[in-house]
Amino acid sequence: MKTFLLLGVFLGGIADAPLATAADRDGDGVSDALERALGERFRPQFWLDANECAGRPAEFRADSAKPRVFARNGAVYTRVAPSAAMGRDRVALTLSYYHLWDRDCGPLSPHPLDVERVSALVVASSLTSSVDDWVALYWYAAAHEDTVCDTSNAARAEAIGAVTAGPNVWIAKGKHASYLSRALCSERGCGVDACRDMVAMSPGPLLNLGEADAPADGAEWIASEDWPLASKLRRDFDLALVARLDSSDEPVLARANGQWRPQHYSLSIGGDIVGALGKANGGLQEADEKSGNALAKGFLAVGGALGVAARAVGSTLGR
Ligand SMILES: [Ca+2]
Ligand SMILES: [Ca+2]
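Residues numbered from 1 in each chain as written. Chains lettered and ligands numbered in written order. Predicted model: local features only at pLDDT ≥ 70, side-chain atom pairs only at ≥ 80, totals over all residues.

Caption draft 1: Highlighting the overall build of the protein chain. Across its full length, the protein chain holds seven helices and 16 strands. Here the protein chain, with 319 residues, has 46% of them falling under the buried criterion. (Helix = DSSP H or I, 4+ residues; strand = E, 2+ residues; numbered from the N terminus. Buried ≥ 20, exposed ≤ 12 C-beta atoms within 10 Å, placed from the backbone.)

Caption draft 2: How the structure looks around the nonpolar core. By size, the foremost hydrophobic cluster in this structure holds 69 residues, and its most contacted members are Leu 121, Val 122, Tyr 138, Trp 139 and Tyr 179. Core analysis: the second largest hydrophobic core is formed by five residues, Val 148, Cys 149, Cys 190 and Val 192 among them. (Core = buried A, V, L, I, M, F, W, Y, C linked by C-beta atoms within 7 Å.)

Caption draft 3: Seen up close, helix α3 (residues 32-41). Listing the buried residues of α3 in full gives Leu 34, Glu 35, Leu 38 and Gly 39. Buried residues of α3, viewed axially, fall in a sector of 135 degrees; they line one side. (Arc of directions from axis to C-beta.)

Caption draft 4: Structural view of the pairing of strand β4 (residues 76-82). Taking burial as the measure, the seven residues of β4 include seven buried ones, the bulk of the element. With burial as the criterion, each face of β4 is covered, one bearing Val 76, Thr 78, Val 80 and Pro 82 and the other bearing Tyr 77, Arg 79 and Ala 81. Two elements, β4 and strand β12 (residues 206-208), share three bridges in a ladder whose sense is parallel. Counterpart to Tyr 77 in the pairing with β12 is Leu 207. In the sheet, β4 pairs with strand β5 (residues 91-104) via six bridges, with the strands oriented antiparallel. (Pairing = 2+ DSSP bridges.)

Caption draft 5: Here's a closer look at the pairing of strand β8 (residues 153-156). Burial along β8 is two-sided: Asn 153 and Ala 155 and Ala 154 and Arg 156, pointing in opposite directions, are all buried. Pairing analysis gives four bridges linking strand β7 (residues 135-141) to β8, with the strands arranged antiparallel. Each bridged residue has a counterpart across the sheet, and for Trp 139 the counterpart in β8 is Ala 155.

Caption draft 6: Layout of the sheet that holds strand β10 (residues 178-179). As summarised here, the arrangement of the four strands in space is β10-β9-β1-β11, forming an open sheet in which the pairing is mixed. The outermost strands of the open sheet, each flanked by one partner alone, are β10 and β11 (198-200). Direction of pairing for strand β1 (residues 45-49) relative to β11: antiparallel, over a ladder of three bridges. What sits directly across from Asp 49, in β11, is Met 198.

Caption draft 7: Seen up close, the sheet that holds β7. Strand order in the open sheet made by the six strands is β8-β7-β6-β5-β4-β12, with mixed pairing throughout. Strands at the two margins of the open sheet, each flanked by one partner only, are β8 and β12. The average undirected angle you get between the axes of adjacent strands in this sheet is 25 degrees. In the packing of helix α5 (residues 239-247) onto the sheet, contacts are made with β7 and β8, and the angle to β8 comes to roughly 65 degrees. (Axes fitted to C-alpha atoms, helices over the stretch in contact; angles between N-to-C directions. Contact = placed C-beta atoms within 7 Å.)

Caption draft 8: Examining the environment of Ala 200 more closely. One can find Ala 200 in strand β11. When the 10 C-beta atoms within 10 Å are taken as the criterion, Ala 200 is described as exposed. For the pair Ala 200 and Ala 50, spaced 150 residues apart in the sequence, the C-alpha separation amounts to 9.0 Å.

Set out below in structure tokens:
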């Protein structure tokens, strides 16, 4: 119902328009045809490690309540949802691309199943605009979201050449954190992310996830408790993030989800903050980005403590 309310507020009387009254399996007011067309127009080019332990993103069996792998065929699932981020003068949609894996086989806390995504905020003058009139304004890539190692990153679309087509997205080996900048992949992510020997992923099926309460393309497994997918159906862009991106000098904002939380301590490798420690590992100063270099020197002096630190944060890296 929430999506209908949003549409009522932000899309005005568009519900009567032809595209909006066409087939709309997930009931969000955006036609299946438009969801499909936008998914194809802005599809990112994923880059995977040549020796990716999980192979490729998986397609999951249709109409199963639990996620069961059908094929590791490079499938990508789209989700389109109305967004309030751009106000009333334009129609804005969050367009997300989920790459779903049968396992996380990274160096810390490997686990079955893995949910990752990249999203765009796309706009047009109306829901009946030609698909060619839609442009992307911003992109977001999830990386260790909701953990102390959250390095989810974001960019203005024009800064990464992804206004009328999808961007390049680098997927960290094994853990599958997503990056709009290849360099960030190696610098961030609690030191467990690497994007060294990358190859372009050949396109697999493009499927529509639908919504949690109205799955499309047989994605009945969205709400399964076997993975956190339902909680990852987010709009990703709010006015605060948009404002930060508009004022940022960096092509890619390395920390889209705000500052490190105060209770976390950071560890660094090579002069950049790449992770975080809990309170249990005392003696390190609470860190923010500016203290990264000093902290790195101090931490590296500790030597073997890195392994301890890595294990300490390992349990938080599960996603
Ligand atoms: Ca729809
Ligand atoms: Ca939708």
